[in-house]
Structure formats: C-alpha cells, structure tokens
Amino acid sequence: MNTPIKKKSHFSLLLLWLFLLIVLFFISINAGYTDIPMKDILRILGGGGSTNENLVVFEFRLPRIIISILVGIGFSLSGCVLQGITRNPLADPGLMGINAGAGIVVVIFMTLSGTISLLGVMALPIFSFLGALLTSALLYIISTKKGYGLAPTRLILNGVAIQAGINSMMTIIVLQLDDTQYDFLAIWQAGSIYNSNWKLVLALFPWIVFGMIYLFFKSRELDLLMVGDELASGLGVAVTKEKKGLLFVAVALSAASVTVSGSLHFVGLLGPHLARRIVGARHQILLPFCAITGAILVLAADTIGRTIVAPSVIPAGIIAAILGAPYFIYLMIGNSRTKKEVRK
Amino acid sequence: MKEFKIKDLEVAYGDQTIIKQLNLEIPIGKITTIIGPNGCGKSTFLKTIGRIMKAKHGAVYLDAKDIHELSSKEFARQLAILPQSPIAPEGLTAQELVSYGRYAHQKGFGKESAKDQEIVKWALEVTNLSELSHRSVDNMSGGQRQRVWIAMALAQETEMILLDEPTTYLDVAYQLEVLELLEDLNRIYGCTIVMVLHDINLASRYADYLIALKQGKVIVEGTPREVITKEMLKEVYQIESDIVLEEQSKKPICVSYRLMNKKKLLEKELKVVG
C-alpha cells in the first residue's frame, strides 16, 4: 500500500472531496433529458423557477440526487465497517449475503403490492432491515466457533454461500412472475436508483443519519479492533459487544440503502478501498472520507447512467462496475509489482 | 494490585478440556514464567487470566474480585496482555499504535489529553523507540516491532503485564534485548510480569518464579532452582538432561538433552510404516 498522505493535509483533502461532491451535485442537476443551464440552477433552487423547471429539478432530479448520495454513504460506510470487523478487505454487504437477505424481502414486497403508500414506503426499510437482520443472525450463528467467538474467514465463506442461496430463491420467485415484475427484478439486481421521490428520501434519511452518528462515535473502537480481537480485548475494548453493535449498524445502513437502489453494493467494496488508500486506516478520518467517496461514486455512476444514452437509463450498478473493475485490475498489477521490487 | 489468585480453574474449547482443576497464586512484583510442552495449555491459561477467554468452572480473582465482574476498561487499567505475534494494521506509526494503549484511560470520543501524550512519550523512551516513533510499524524489524507492542502495553499503565512468547521469531540478540527490557520494567517500575517462554534456559535466567504445566495441570512451581530439575524435565518434556548452575547468575541451566523414548517412538513409526 502507498504511504497515506500526512495527517495535516487530511482536513483539506476532506474539504476538497466535499467540493468535488458539490460540483458533481450541480452537474447532476444540469444534466439530463433537458439541460438546465448552470446559471439558472441557483435561481431555481432559490425558488424562482417556472412550473416546468420546478418539476424537473424538484420532482425528478433533486430527490434522485439526494437518494444517490444517501445510498452511496450507506453502502460505503457499511462496507468499511464490515471490512474492519472481519479484518478482510473483501468483505462487503453484498458479498456477505446481507443485501440479498434485504433484497428478497423488498422484491417480495414490491411485487405483491404495485403502488405503495407513504406508510408503505416508510415501512419498506424496516422490512428490508428485518430480512437483512435475519440473514446476518443466521450468518453470525453458523460462523461462530464454539469457544473461539466469531471466525472472520467463516463469516465470509458462509456469507457467499447464503448469498448464492438467496439469489437462487429469488430466481425461483421470479419465474412465477409476469414480465413487468421480472423487468423490475432485473433492474434491481443490476443495482439502480430505480425509484426516487421525496417519500423515499424521507424513508431513507433517518437510517443513514443514525448510522453515521453511531459510527463516528465508534471510530476509536473500530481502530482498536483492527489490531485483532485478542489484543483489542486486552486494551479494554468489550469486543463481542462492540462487534455486535457495529454489525447491527452496518446491516441497517446496507439494508436501508438496498430498498431504494437494489444491489449497488460494489460501492461498499470500492468506496472504502479508495478512501483507505488516500487517508490510511484511522477511522476518525477514514469514515467521513468513505462516506463522501461512496456518495461521489453513486452520484457519478447514476448521472452518467441516466445521461449517456438518454432517455434510456443504464443502471448505476453497471456503470459503477465499469468504472470500478479497471481500478481493481490496476490494484492487482500495482501489488504484484511492489512485491517483485521487494523480492529484488 | 495486592493479590492475583486462580481458583479451581477449568477451561475448555467445546468438549475438549484444556485446563483442569488449576489453583495458583501469581507473586506480585515478580517475573513469573510459564513453561511446558506444546499443547499443554500455556497460551490458554494466559488468555484466561487475561480475560480474553472465559473459564468453564472456577475463576480468576484480582484483589478478591472475579475478573469478569470488572468492566473491560476497568480490567485493562490493571492488567495488559500481549498475545503471540500480533499483527499491526497497515500504515500506522509506532506512536499511533502505542497511543492505542491509552484507550482504557480515555472517556467518550477518545481525545488525547496532555497526560496521555506524556505517557505515550515515556513508553516510547523506555523501549528505546523515540527516534522511530514516526516510522510505520509494518516497515520495522521483528525486534523493533516487539518493542512497539511492549510500549503499547506500558502505555496502558498497568501493574501487571502478560506476554505470550514475546521472543518468538526473534534472533538471540533480540530475544535478550526484549527480556532485558522486561527485567528492567520489573526492577525499576515494579511491574508484575507473567509470560510464556519456550526456551527453558532463558526462562530460568529471567524468571523469579517458574510454573511448569503439562496437560493443563501444574506439575511443579517455585524458584528456578526448585523447578529446573532432571525430574521435572523428565516428567514434563520426556527428556533426559544434565543440569548445571550458571556461574554468573547462579541459576540452573540445562546443558544437554536427549529424547527419552526415542526407541519407543521409532518403533511406533516403524509399525505405522509397516
């Protein structure tokens, strides 16, 4: 791994990242089926837009942008925490089957009821959370080795198995469905901000905010867990209790995000990786950086996805994968190179 | 800390009992070393008295209080434990890692006080790491890294430190360096030290008190002269040996060893092959 940038510059880097997100925010409002010139955006946001402009900005683009940001934060933080407590850089809510558990509930819910009331929308994250919680409880139980506690490797392997199981269950359910419902599932599995309105923003917002606050208060514990369970326990961390709490919140963040975006979990892998390379392993700076990185990734992917072939939409998950895959290939090449240098 | 007692301890992994009916008292202000063959339960014992593992029966009492009645932080303010060869997270400097030792003394968000910084600085000085404090721990040598872990335990400001094989993977000079450091901590700061060592001669040389374990039971305990005997080595390790007193320290050392049941072992192997 490269040497992370020195601490003093972390704060300015964070501001730069935030600035990047704001720029992206304006680009995203500007771009779409009808272009809205930059100079008009502030006027419209200030309340001086025409009916048409207001419709486009406030009803279509703004909720979509906010949801992209929230979803990005949710997946990225969830991935960061899971990678931390399993001490496995490949852990993410998608790989571990947590998203699948949330997803199957959402899919059943969405296919059973065509249109959903506000109450239904607010309840959706709760149902999806229950699905995810059930999956992770199962995962937790079968990954706990008697006398040893939670075994990280088992957690990953069992997670992959559970994910595969649930995905095939989803396919079985889908085979019973009609075409429109099937289309919905295909989009959901690819990962897309398929549905955006203020109701969904309202439903998602408290989950993400609660998760963020909890994690920022636990950044010290997350740091200490990185030295391993035994040593962390010796240093005074109530390891089992903290891990349960963190797992719970990671599941909640991911489950809530899944309800509006489908399996966009690639962000949960990519966001934390990028952030770690830039600012290092200390969670006090890593967490906010992760959150913004995730938001940038999803917003960028969604903006590209809905403009590049407008009026059609490419799911954000596909764009994120197209952008992310080369990065991982680059990482692998970089790693093997540094290893060769070390050998010399 | 006035006393540290272990009563009727029984520890198990699932159905497999590792430690049975163990009663001990750790002498305060001394260096105690635990020896014994592989799989005798040394590490398990250390983890149990370090509150990492839970006992099946019996308990460990710190000043007459069951250690599991204390909170994680309360316990960590009285006792530090270093597991065998821990792994440092990537990219952390020695100073950052040592400051983790202050966790049990911090409240809430974990902001470092002036006192925290002072103690981290002291811990780095004592372990001779001041000049390396801003170096990344993953770029350090084995000996330096082990000193960082010890500095971290020191930053915890505890009266007792437990170490599981602190000399593993180190060459002879580094082994001595680590053990001398622990001896200094004991002599100068009155730190009670309990450690597991594999090397019998090093154990004899640096320990005030020795405990020999076999199959989860204490075979013999006492001063090195009382413990390092032909009989003990025969019973615990199944080896024949000659013991002499080392001239400088007047401590017993074991000068030659032979496997007792070599013939039997060979016969067994032959049977398996045949």
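Residues numbered from 1 in each chain as written. Chains lettered and ligands numbered in written order. Predicted model: local features only at pLDDT ≥ 70, side-chain atom pairs only at ≥ 80, totals over all residues.

Enquirer: It is not clear to me how the overall build of chain A should be interpreted in this structure. Could you clarify?
Expert: Of the regular secondary structure elements, chain A holds 14 helices and 2 strands. If one aligns the C-alpha atoms of chain A with their principal axes, the spans along those axes are about 65 × 50 × 40 Å. Residue burial in chain A is summarised as follows: out of 344 residues, 45% are buried. Sequence separation of 24 or more characterises 77% of the internal contacts of chain A that already satisfy a separation of 6 or more. (Helix = DSSP H or I, 4+ residues; strand = E, 2+ residues; numbered from the N terminus. Buried ≥ 20, exposed ≤ 12 C-beta atoms within 10 Å, placed from the backbone. Contact = placed C-beta atoms within 7 Å.)

Enquirer: Is there a simple way to think about the overall build of chain B in this case?
Expert: Counting its regular elements, chain B contains 10 helices and 12 strands. When its C-alpha atoms are laid out on the principal axes, chain B stretches across 65 × 40 × 40 Å. Expressed as a percentage of its 274 residues, the buried residues of chain B come to 41%. Taking as baseline every contact in chain B between residues at least 6 positions apart, the subset at least 24 positions apart corresponds to 65%.

Enquirer: Can you help me understand the sheet that holds strand β2 (residues 16-26) of chain B in this one?
Expert: For sheets, the rule is that strands pair by backbone hydrogen bonds, running either parallel or antiparallel. All names here are of chain B. Spatially, the 4 strands line up as an open sheet ordered β2-β1-β4-β5, and their pairing is antiparallel. Of all strands in the sheet, those with a lone pairing partner are β2 and β5 (65-66), marking the two edges. Where strand β1 (residues 4-13) meets β2, 7 bridges bridge the pair, whose relative direction is antiparallel. Bridged to Leu 9 within β2 is Leu 22. The sheet strands contacting helix α1 (residues 42-49) are β1, β2 and β4 (57-62), and the helix crosses β1 at an angle near 120°. (Pairing = 2+ DSSP bridges. Axes fitted to C-alpha atoms, helices over the stretch in contact; angles between N-to-C directions.)

Enquirer: Explanation requested: helix α5 (residues 142-155) of chain B in the structure shown.
Expert: One full turn of an α-helix is made of 3.6 residues, so residues set three or four places apart face in the same direction. Residue and element names in this part refer to chain B. Its 14 residues place the ends of α5 20 Å apart at the C-alpha level, agreeing with the 20 Å of an ideal helix rising 1.5 Å per residue. Buried within α5 are the following residues: Arg 145, Gln 146, Arg 147, Val 148, Trp 149, Ile 150, Ala 151, Met 152, Ala 153, Leu 154 and Ala 155. Just downstream of α5 lies Glu 157, where phi reads positive at about 55°. (Expected span 1.5 Å × (residues − 1).)

Enquirer: Is there a simple way to explain the interface of chain A and chain B in this structure?
Expert: Quite often, the size of an interface is put as the accessible area lost when its parts meet. Contacts between the two partners involve 20 residues from chain A, matched on the other side by 25 residues from chain B. Contributing elements (two or more residues each) for the side of chain A that touches chain B: α9 (219-225) and α10 (229-235) of chain A. The greatest single-element share of the side of chain A that touches chain B, amounting to 5 residues, is contributed by α10(A). Classifying every residue of the side of chain A that touches chain B by side-chain character gives 11 nonpolar, 6 polar and 3 charged. (Nonpolar A, V, L, I, M, F, W, Y, C, P; charged D, E, K, R; others polar.)

Enquirer: Looking at this structure, I do not really get the nonpolar core. What am I missing?
Expert: Across soluble globular proteins, nonpolar side chains show a tendency to be buried alongside one another. A:Val81, B:Val98, B:Ala151 and B:Leu162 are the most contacted members of the largest nonpolar core, which has 163 residues in total. Other than its neighbours up to four places away in sequence, B:Ala151 contacts B:Val98, B:Ala123, B:Leu124, B:Thr127 and B:Leu129. (Core = buried A, V, L, I, M, F, W, Y, C linked by C-beta atoms within 7 Å.)

Enquirer: Looking at this model, I keep getting lost on the sheet that holds strand β6 (residues 79-82) of chain B. Mind explaining?
Expert: All names here are of chain B. Within the open sheet, the 6 strands sit side by side as β6-β7-β8-β3-β9-β10. Their pairing is mixed. Each edge of the open sheet is held by one strand with a lone partner, namely β6 and β10 (217-222). Strand-to-strand twist of the sheet, defined as the mean angle between neighbouring strand axes without regard to direction, takes the value 15°. When strand β9 (residues 209-214) meets β10, the two strands line up antiparallel, connected through 5 bridges. Directly across from Leu 210, in β10, lies its bridge partner Gly 222.

Enquirer: Even after reading the chapter, I still don't get the pairing of strand β8 (residues 192-196) of chain B, so can you show me in this structure?
Expert: One face of the sheet, then the other: side chains in a regular strand alternate in exactly this way. Residues and elements named next belong to chain B. Among the 5 residues of β8, 5 are classified as buried, and the element is accordingly described as predominantly covered. Bridge count between strand β3 (residues 31-35) and β8: 4 bridges; the pairing is parallel. Looking at β8, one finds that Ile 31 is bridged to Ile 193. As paired strands, strand β7 (residues 160-164) and β8 are joined by 5 bridges and run parallel to one another. By the bridge assignment for β8, Leu 163 is matched with Met 195. Each parallel crossover has a hand, and for β7 linked through helix α6 (residues 172-189) to β8 it is right-handed. (Right-handed = clockwise from strand over helix to strand, strands pointing away.)

Enquirer: Help me understand the packing of helix α3 (residues 51-86) of chain A against helix α12 (residues 266-279) of chain A in this model?
Expert: When two helices pack together, their arrangement is given by the angle between the helix axes and the distance between those axes. Residue and element names in this part refer to chain A. Between α3 and α12, whose axes approach to 7 Å, the crossing angle comes to 70°. With respect to α12, the element α3 is oriented roughly perpendicular. Contacts from Gly 72, Phe 75, Ser 76, Ser 78, Gly 79, Cys 80 and Gln 83 in α3 reach Val 267, Gly 268, Leu 269, Gly 271 and Pro 272 in α12. (Parallel < 35°, antiparallel > 145°, perpendicular 65-115°, else oblique.)

Enquirer: What's the story with the confidence of the model for chain A in this structure? I'm lost.
Expert: Residues shown with low pLDDT carry predicted positions that ought not to be read at fine detail. In this model, chain A carries a mean pLDDT of 83, and residues with pLDDT of at least 70 account for 90%. The model gives residues 339-344 of chain A a pLDDT under 50, and that stretch makes 0 contacts with residues more than four places away or in other chains. (pLDDT = per-residue confidence, 0-100.)

Enquirer: Would you mind going over the packing of α3(A) against helix α11 (residues 239-261) of chain A with me for this structure?
Expert: Residues and elements named next belong to chain A. Put simply, α3 and α11 touch, their axes get as near as 8 Å, and they point 150° apart. As judged from the angle between their axes, α3 and α11 are roughly antiparallel. Crossing angle aside, the handedness with which α3 passes α11 is left-handed. The residues of α11 that touch α3, namely those facing Ile 67, Val 71, Gly 74, Phe 75, Leu 77, Ser 78, Val 81, Leu 82 and Ile 85, are Lys 243, Leu 246, Leu 247, Val 249, Ala 250, Leu 253, Ser 254, Ala 256, Ser 257, Val 260 and Ser 261. (Left-handed = near helix turned anticlockwise from the far one by under 90°.)

Enquirer: Would you take a moment to explain the environment of B:Gly50 for this structure?
Expert: Along the chain, B:Gly50 falls in the loop between α1 and β4. With 78 residues separating them in the primary sequence, B:Gly50 and B:Asn128 have C-alpha atoms 26 Å apart.

Enquirer: Teacher, can you tell me more about unusual backbone geometry here?
Expert: For residues that are not glycine, phi is negative in most cases, and the peptide bond is trans in most cases. Residue and element names in this part refer to chain B. A positive phi angle, close to 45°, is found at Asp 8, a residue other than glycine. Tracing the backbone through its elements, the reader meets Asp 8 in strand β1. Positioned with a positive phi, Asp 63 is a non-glycine residue whose angle comes to about 50°. Checked against the element boundaries, Asp 63 lands in the loop between β4 and β5.

Enquirer: For this particular structure, what's the right way to read the confidence of the model for chain B?
Expert: Summary statistics for chain B give a mean pLDDT of 90 and a share of 94% for residues scoring 70 or more. Interface predicted TM-score (ipTM) for the complex: 0.87; the corresponding pTM is 0.86.

Enquirer: Could you clarify how one ought to interpret the environment of A:Ala255 in this entry?
Expert: All names here are of chain A. Topologically, Ala 255 is positioned in helix α11. A residue is classified by how many C-beta atoms lie within 10 Å of it, and Ala 255, with 31 of them, is buried. Those residues in contact with Ala 255 that sit more than four places away from it in its chain are Ala 102, Pro 125, Ser 128, Phe 129 and Ala 132.

Enquirer: Please explain helix α4 (residues 114-126) of chain B as it appears in this structure.
Expert: Residue and element names in this part refer to chain B. Given a rise of 1.5 Å per residue, 13 residues ought to cover 18 Å, and the 18 Å separating the end C-alpha atoms of α4 matches this to within 8%. Taken together, the buried positions of α4 are occupied by Ile 119, Val 120, Ala 123 and Leu 124. In an axial view of α4, the angular spread of the buried residues amounts to 140°, which keeps them on one side of the axis. Across from the buried face of α4, at angles greater than 90 degrees, the exposed residues are Ala 114, Lys 115, Glu 118 and Glu 125. (Arc of directions from axis to C-beta.)

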